[in-house]
Amino acid sequence: MNLAVRDISRGREIGSGEFRNAMRHLAGGVSVITAGRGDDISGMTVTSVASLAIEPATLTVAINRKASTLPLLLRYGAFGVNILTGGQAGIAERFTGKDGHKGAARFAGSSWTTGAFGVPLLKDALVAITCELEETIERHSHVIALGRVVHLAASEGDSSLAYWRGDYLAIERISGISRTAGGPLPTVHASDE
Ligand SMILES: Cc1cc2nc3c(=O)[nH]c(=O)nc-3n(C[C@H](O)[C@H](O)[C@H](O)COP(=O)(O)O)c2cc1C
C-alpha cells in the first residue's frame, strides 16, 4: 500500500477551524516566492517553505491550487524564494494580494533584480534563492513544489520575519540570545482570525 495515500479517515473528523486554530501556534518563517519572466511575473507570501534535502540542495513549498503565482511557476519551471527580514512585514502583506494588486503590480515599492530563469529576486532579502522546479505533487487543495536550488545569495542581516498566532514578529539575535524584537509588528491580520 502506498503510505502517502492510505486511508486515514477513520476516527473523528477534524474540522478546518479546529485545525487552523491549532496550527496558528506553529511559528513559521515568512518568504515571498516569485515566478515568471519580464512583465509576466507574480509572487506570493508563504510560510510553507521547508528544506527537504541538503545534498542535493532541495526545498519544498506548498502552494494553493488557486494561487495566481502557480501557473507561472509551472510554465517557466522555476521559482525564487525570498526569505524576509524582520523589517519586511510590509512586503509580506503586499504579496498576500489583500490590497488587490496582482502580477507585476505587487513588486512596486520594493527593489528587485532578475535571477536565473528570469525569476524576480528581492534585492535586500535576508536570503534570495533560485530554484529549478524538480517535481510537483498535487494533494488536496495544494500543490507541493520541489525546487532544486541552483543559486543563493545570503545577506549579512540578522533579523528574520516570522508569523505566529496571526501576527508578524521580527526575530533577532541580541548578545547571542534569540528573542523577538519589540513585540508584534503592525499587521492587518487580526490575532483572532
Ligand atoms: C503569513 C502567511 C503565510 C502564507 N503561507 C501560504 C503558503 O504557504 N501557501 C499558500 O498557498 N498560501 C499562503 N498564504 C496565502 C497567500 O499569500 C495568498 O493566498 C496568495 O498571495 C494569494 O495569491 P493570489 O491573489 O495571487 O491568488 C499565506 C499568507 C500569509 C499571510
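In the annotation of an unreviewed UniProt entry, the protein chain is listed under the name Flavin reductase-like, FMN-binding protein and assigned to Nitrobacter winogradskyi. Of the protein chain, the UniProt comment under Sequence similarities (unreviewed entry) reads exactly: "Belongs to the non-flavoprotein flavin reductase family."

Around the ligand, the structure places 19 residues, and the nearest of them are Thr45, Ser48, Asn64, Ser68 and Arg106. Note that an oxygen atom of the ligand is positioned 2.6 Å from one of the side-chain N or O atoms of serine 48. For the ligand, an oxygen atom lies 2.8 Å from a polar atom in the side chain of arginine 106. Protein contact buries 80% of the 640 Å² of open area that the ligand shows by itself. Going through the elements one at a time, strand E3 (40-46) and strand E5 (58-64) are the ones with two or more residues in the shell around the ligand. Split into classes, the residues belonging to the shell around the ligand amount to eight nonpolar, eight polar and three charged.

Moving on to the pairing of strand E4 (residues 50-53). Pairing between E4 and E5: three bridges, direction antiparallel. Across the sheet, alanine 53 pairs through a bridge with threonine 58, a residue of E5.

Strand order in this open sheet of seven strands is E3-E2-E6-E9-E10-E5-E4, and the pairing throughout is antiparallel. Bordering the open sheet on either side are E3 and E4, each of which pairs with just one other strand. Neighbour-to-neighbour, the strand axes of this sheet turn through a mean angle of 35°, independent of strand direction. Bridge analysis of strand E2 (residues 31-37) against E3 gives seven bridges, and the strand direction is antiparallel. Paired with arginine 37 across the bridge in E3 is aspartate 40.

Quick look at unusual backbone geometry now. Residue glutamate 55 is joined to proline 56 through a cis peptide bond whose omega torsion reads -5°. Structurally, the position occupied by proline 56 is in the loop between E4 and E5. With a phi angle near 50°, arginine 165 is a residue other than glycine that sits in the positive phi range. Counting through the fold element by element, arginine 165 comes out in the loop between strand E11 (159-164) and strand E12 (167-174). In this structure arginine 165 comes out as partly exposed when scored by relative accessible area, which is 36%.

Each value, and the rule that gives it
Residues numbered from 1 in each chain as written. Predicted model: local features only at pLDDT ≥ 70, side-chain atom pairs only at ≥ 80, totals over all residues. Heavy atoms only, no water. UniProt positions renumbered as here; feature names shortened; annotations may be inferred. Near = heavy atom within 4 Å. Polar contact = N/O pair within 3.5 Å; in protein donor to acceptor, adjacent residues only side chain to side chain. Areas by Shrake-Rupley, 256 points an atom, 1.4 Å probe, with all protein chains shown as cover. Helix = DSSP H or I, 4+ residues; strand = E, 2+ residues; numbered from the N terminus. Nonpolar A, V, L, I, M, F, W, Y, C, P; charged D, E, K, R; others polar. Pairing = 2+ DSSP bridges. Axes fitted to C-alpha atoms, helices over the stretch in contact; angles between N-to-C directions. Buried < 20%, exposed > 50% of the residue type's maximum accessible area, 1.4 Å probe, protein only.

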